[in-house]
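Inside the fold
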Amino acid sequence: MSQRDGSRRFFPYEEPYDHQAEAMGRIREALVEERDVLFEGACGTGKTLASLAPALEYGRAAGKTVVITTNVHQQTRQFIEEARAINRTDPIRAVVFRGKASMCHIDVGYEECQALRDTTRELVDMQGDVAELEELEQELLEASGGGDGGATDANDGTGVVEEADAANAAEAVDTANAAEAVDTANATDGANAVDVANAAEAAEAAEARGAIVDELEELQTGIEALREERNVCDRYHENLTGDTDDFYAWLYDDVRTPDEIYERAHEAGLCGYELLKDGMEGVDLVVCNYHHLLDPMIREQFFRWLGREPEDVVVVFDEAHNVADAARDHATRTLAERTLDGALDELAESGDARAEPAANVLRAFRTALVDIYEDSFGFGDREAVDEDWEDVPIDNEEGRDDLTVAFLEAYTGQGFRADLEAAVALGEELDRRYERAYKDGETTTRRECPTLAAAAFVDEWMESSVDPGQYPVVGVRRSETGVVGRAELYTCLPRQVTEPLFEELHATILMSATLRPFDVAADVLGLDDPLTLAYGEQFPEDRRRTYAVETPALFASRRDETGIQETVGGVVADVVRFTPGNTLAFFPSYAEAERYYHRFSGDATPYLDEPGTRAEELRRTFVADDDAVLFTSLWGTLGEGVSFDDDAARSVVVVGVPYPHLDDRMDAVQSAYEEAFGDERGGDGGDGDAGWRYAVEIPTVRKTRQALGRVVRSPEDFGVRVLVDERYTASNRTELGDYSVYPEFPPEERREHIDVAPEKLKFALLNFYGDLDAYDGEPPRPG
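The rules behind the values
Residues numbered from 1 in each chain as written. Predicted model: local features only at pLDDT ≥ 70, side-chain atom pairs only at ≥ 80, totals over all residues. Heavy atoms only, no water. Helix = DSSP H or I, 4+ residues; strand = E, 2+ residues; numbered from the N terminus. Buried < 20%, exposed > 50% of the residue type's maximum accessible area, 1.4 Å probe, protein only. Contact = heavy atoms within 4.5 Å. Areas by Shrake-Rupley, 256 points an atom, 1.4 Å probe, with all protein chains shown as cover. Salt bridge = Lys/Arg side-chain N within 4 Å of Asp/Glu carboxyl O. Expected span 1.5 Å × (residues − 1). Core = buried A, V, L, I, M, F, W, Y, C linked by side-chain atoms within 4.5 Å. Patch = residues over 30% accessible without salt bridge, like charges linked within 9 Å, V, L, I, M, F, W, Y side chains within 5 Å. Lys, Arg positive; Asp, Glu negative; His and termini not counted. Charge placed at Lys NZ, Arg CZ, Asp CG, Glu CD. Pairing = 2+ DSSP bridges. Axes fitted to C-alpha atoms, helices over the stretch in contact; angles between N-to-C directions. Phe/Tyr/Trp six-rings, centres within 6.5 Å; stacked < 30°, edge-to-face > 60°. pLDDT = per-residue confidence, 0-100. Arc of directions from axis to C-beta. Parallel < 35°, antiparallel > 145°, perpendicular 65-115°, else oblique. Left-handed = near helix turned anticlockwise from the far one by under 90°. Nonpolar A, V, L, I, M, F, W, Y, C, P; charged D, E, K, R; others polar.

**Here we look at the overall build of the protein**
- Assigned secondary structure in the protein consists of 30 helices and 18 strands.
- Counting every position in the protein, which comprises 783 residues, the buried fraction comes to 53%.
- Within the protein, residue pairs in contact and separated by at least 24 positions form 78% of the contacts whose partners lie at least 6 positions apart.
- Here the protein has roughly 35,300 Å² of accessible surface; of this, 45% comes from carbon and sulfur atoms.

Here's what the structure looks like:
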């Protein structure tokens, strides 16, 4: 079988599309070469199976495990369905892994869970020792001439105490019998020498049995103490001691969802999360969340659960345009003022000699932190602080940041590095004490160690203060106790997280509908010479239209102008009126969405997506309607990973170019990108363009493309995508110059952009939907 034919082994349907077959063959070859893949495929290209099928086939042939990961719940459901389809045609061992918090039956934190597992294993070990000693005790009882001592329960050690008195009495009788046997032997002419020897052996056995009984009593006391203190997990205990064969047989008979696993384990009195961890070794496929791979601590454990070294793992990242932001979030570290206060209180209670230098260095950092945010307040600023974190810039273009300088000025010890070492060492010791106290039942919860957290962060802060990839910043917000602050190390360069990961793995496939331009994706994530694949929309072109409306550029400075609001409001109203069904309307912010929601006065039912609302409930209500418009932000949760198939929505409108909020934090990201990639991109980076393009423009266009992809989701589906801003038009590209975002769209998408004047859009919509006979009855009349 050729590599190209082999790549289709796990394709579960009759025949792949031509582009799927091509992609599967090329991906299979890349995996053989241990080469990473950047794979962009529009909705309907079948990129999930085109990636998964060759990865599974290669993994089976080369002894690798395939991991497919996403940060979108809806995609996880799709992966499960695809894996089930594969399993029906060619059986695979697959598990779907979810975080502990959503699968814990007793609702404890990670540290407490770890302590409970350790104590439960200790209990099981003690019970195993009891079983072994009981078996030995029975053998010694028989050797000493006693009868059946009565077996005890090896599972929980019950019965040892009750039998102790009887065992001691039997030992006394056995000893007396042995002495009598010796006297009898001495009184004879040696005829009973054999009996004398046997009696001596019996006496030794009786003595040894007495020691065993003592040890059993001690073990039983320990077992009873563990159970009385409740510092064991009964479900994990059942995992370790019960029969789990039926669970694993059920698990691997199909591809099970985390909810199904939770319910099955709950009914059986088991811990499904721990069973999954213990049962992952040797599987073909794992479905999981980004954090299992992007968080360094979790990743190390994850590979251990797999029983694999990283070089034996092939990872498929779905929605890979989100990997950079996710990696940045996982690498970012914070230290709250409250943690520093807790550390100082903890050190004040400690009698350790290291407490004084530790408190000295942490107190200096806290003093500097408070001074920085207090000095930043102008008249009325303190009163204006709300519950959301607000940045207080401290970065300097030259030299150390303001917080580091203030810390060094506030510190008065012999040397902050030596004091930090003392603080970390003491924190580690205190943390071990807290864990032992929880295991031993001295505390009912696993206490955290703020000294260790604070000292480790300050140590990292001082090491990273000259790293251009780290942006130091102070935050401030209002809590129940008043205004509080925090220090944060914000990671500007995602590749600081992803590059080491990708170098460790056998290969990585990164797929998305909006991954281009590939050179930027490779730079940002730290990929070296990846294979690049791109497949555009595969659905009939005559069933979709993309219009770029020539409204004035909606710069933030002009959004309050009455004329612009009237023009944009009229365009949105026309789209809604001439759409035979529902319309999605995306705006650069929730505030803009609300503005045009209140301006809308058409016949369709308007819905407003607001921050903090449950988007899925709103979506269900919206799609149940048949003539509605949903106003939302492009920075919300409805812009990607959510399908509006067929009648759920026919038209989608993107109003404006949704640039992110441009603050000092974003400036730091731009600067980091400029420093990292400006020279590599030649002329693009000479005047700062590389930083802007990498950090702002390309992610913004990707977000716009994601929103446009919410409609027209199948070959039978149809719909219209509307871009409302002249920066999207081809006709104004030259005039707008660098303000135009038209060039950042892929070539085949640019070719479908139809420039149209605001007043002409309704006629274009009427003609398109009319040609498809989409209107139920008479179409609306342009007025």
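Let's pick the thread back up.
**Here's the deal with the pattern of salt bridges**
- On inspection of all chains with the given rule, the structure shows 45 salt bridges.
- Across the salt bridge formed by Glu81 and Arg84, the nearest N and O atoms sit 3.4 Å from each other. Of the two residues, Glu81 and Arg84 are both situated in helix 4 (residues 73–89); the distance of 3 residues between them amounts to about one turn of the helix.
- Using a relative accessible area of 45% as the deciding quantity, one classes Glu81 as partly exposed.
- Among the ionic contacts, a cluster of salt bridges with common partners joins Glu40, Arg516, Arg705, Glu748 and Glu749.

**Concerning helix 15 (residues 337–349)**
- Over its 13 residues, helix 15 extends 19 Å from the first C-alpha to the last, a length consistent with the 18 Å expected when each residue adds 1.5 Å.
- Those residues of helix 15 that sit buried are Glu337, Leu340, Ala343, Leu344, Glu346 and Leu347.

**Details of the nonpolar core**
- If you look at the biggest cluster of nonpolar residues, it comprises 95 residues, and the most contacted ones within it are Val286, Phe302, Phe317 and Leu510.
- Counting residues in hydrophobic clusters, the runner-up holds 43 residues, among them Ala406, Leu426, Ala455 and Val476.

**Observations concerning a negative patch on the surface**
- On the surface, Glu122, Asp125, Asp129, Glu132, Glu135, Glu139, Glu142, Glu215 and Glu218 cluster together to form a negatively charged patch.
- The element best represented in the negative patch is helix 5 (residues 110–143), accounting for 7 residues.

**Let's talk about the sheet that holds strand 6 (residues 333–336)**
- The strand order across the open sheet built from 4 strands is 6-9-8-7, with neighbouring strands paired in antiparallel fashion. Of all the strands in the sheet, just strand 6 and strand 7 (390–393) have a single pairing partner and so form its edges. Geometrically, the sheet is characterised by an average inter-axis angle of 30° between neighbouring strands, direction not taken into account.
- Relative to strand 6, helix 15 is tilted by about 60°, and along the sheet it contacts strand 6 and strand 9 (482–491).
- Contacts from helix 20 (residues 450–464) reach strand 6, strand 8 (470–479) and strand 9, with the element oriented near 50° to strand 9.

**Here we look at the sheet that holds strand 3 (residues 94–96)**
- If you walk across this open sheet you meet the 7 strands as 3-4-2-5-10-1-11, and the pairing is parallel. Both outer strands of the open sheet, strand 3 and strand 11 (531–535), are each paired with one neighbouring strand and no more. Across the sheet, the mean angle separating the axes of adjacent strands is 15° when strand polarity is ignored.
- Across the face of the sheet, helix 22 (residues 518–525) comes into contact with strand 1 (37–41), strand 10 (507–512) and strand 11 while running at roughly 135° to strand 1.

**Regarding the environment of Glu697**
- Tracing the chain through its elements places Glu697 in helix 27 (residues 689–708).
- Assessed through its relative accessible area of 8%, Glu697 is described here as buried.
- If we skip the residues at most four places from it in the chain, Glu697 touches Tyr659, Trp692, Asp738, Ser740, Val741 and Glu744.

**A word on the environment of Gly709**
- Along the chain, the position of Gly709 falls in the loop between helix 27 and strand 17 (719–724).
- Separated by 196 residues in the primary sequence, Gly709 and Ala513 have C-alpha atoms spaced 8.5 Å apart.

**Here's the deal with the packing of aromatic side chains**
- A full pass over the atoms with the stated rule returns 34 aromatic pairs.
- Geometrically, the ring pair formed by Phe247 and Trp250 is tilted, given 5.7 Å between the ring centres and 50° between the ring planes. Taken together, the residues Phe247 and Trp250, both in helix 9 (residues 245–251) and 3 residues apart, mark about one turn of the helix.
- In this structure Trp250 comes out as buried when scored by relative accessible area, which is 15%.
- Residues Phe317 and Phe502 carry aromatic rings whose centres are separated by 6.0 Å and whose planes lie at 75° to one another, so their mutual orientation is edge-to-face. Of the two residues, Phe317 is situated in strand 5 (residues 313–317) and Phe502 in helix 21 (residues 495–504); the sequence distance between them amounts to 185 residues.
- A residue is classified by how much of its surface remains accessible, and Phe317, at 0% relative accessible area, is buried.
- On the basis of relative accessibility, which here comes to 5%, the residue Phe502 falls in the buried class.
- Through pairs of rings, three or more aromatic residues link up here, namely Phe365, Phe407, Tyr411, Phe416, Phe457 and Trp461.

**Here we look at unusual backbone geometry**
- A cis amide bond links Arg516 with the next residue in sequence, Pro517, at an omega value of 0°.
- Checked against the element boundaries, Pro517 lands in the loop between strand 10 and helix 22.
- One non-glycine residue, Glu319, adopts positive backbone phi at about 50°.
- With respect to the helices, strands and loops of the structure, Glu319 is situated in the loop between strand 5 and helix 14 (323–331).
- For Asp646, which is not glycine, the phi dihedral falls at a positive 50°.
- Residue Asp646 is classed as partly exposed on the basis of its relative accessible area of 34%.

**Description of the confidence of the model for the protein**
- Averaged over the protein, the pLDDT score is 86; the fraction of residues at 70 or greater is 87%.
- Every residue in residues 149–170 is under pLDDT 50, and counting partners more than four places away or in other chains gives 35 contacts.

**Observations concerning helix 21**
- Inspection of helix 21 places Val497, Thr498, Leu501 and Phe502 among the buried residues, and these make up the whole buried set. The arc that holds the buried residues of helix 21, viewed along the axis, is 110°, so those residues lie on one side.
- Buried positions along helix 21 lie against helix 12 (291–294), helix 13 (296–306), strand 5, helix 14, strand 10 and helix 22.

**Focus on the packing of helix 15 against helix 16 (residues 355–376)**
- Here helix 15 crosses helix 16 at 155°, and the two axes come no closer than 10 Å. Considering their axes alone, helix 15 and helix 16 lie roughly antiparallel with respect to each other. For the element pair helix 15 and helix 16, the recorded crossing hand is left-handed. When helix 15 is examined against helix 16, the residues Glu337, Leu340, Asp341, Ala343, Leu344 and Leu347 are found in contact with a partner set consisting of Ala355, Ala358, Ala359, Leu362, Arg363, Phe365, Arg366, Leu369, Val370 and Tyr373.
- The class makeup of the residues in the contact of helix 15 with helix 16 is 12 nonpolar, no polar and 4 charged.

**Let's talk about the side chain of Arg702**
- Within the secondary structure, Arg702 is located in helix 27.
- Glu40 provides the closest opposite charge to the buried, unpaired Arg702, separated from it by 6.5 Å.
- In contact with Arg702, other than residues within four places in its own chain, are His321, Thr514, Leu515, Arg516, Pro517 and Ala521.

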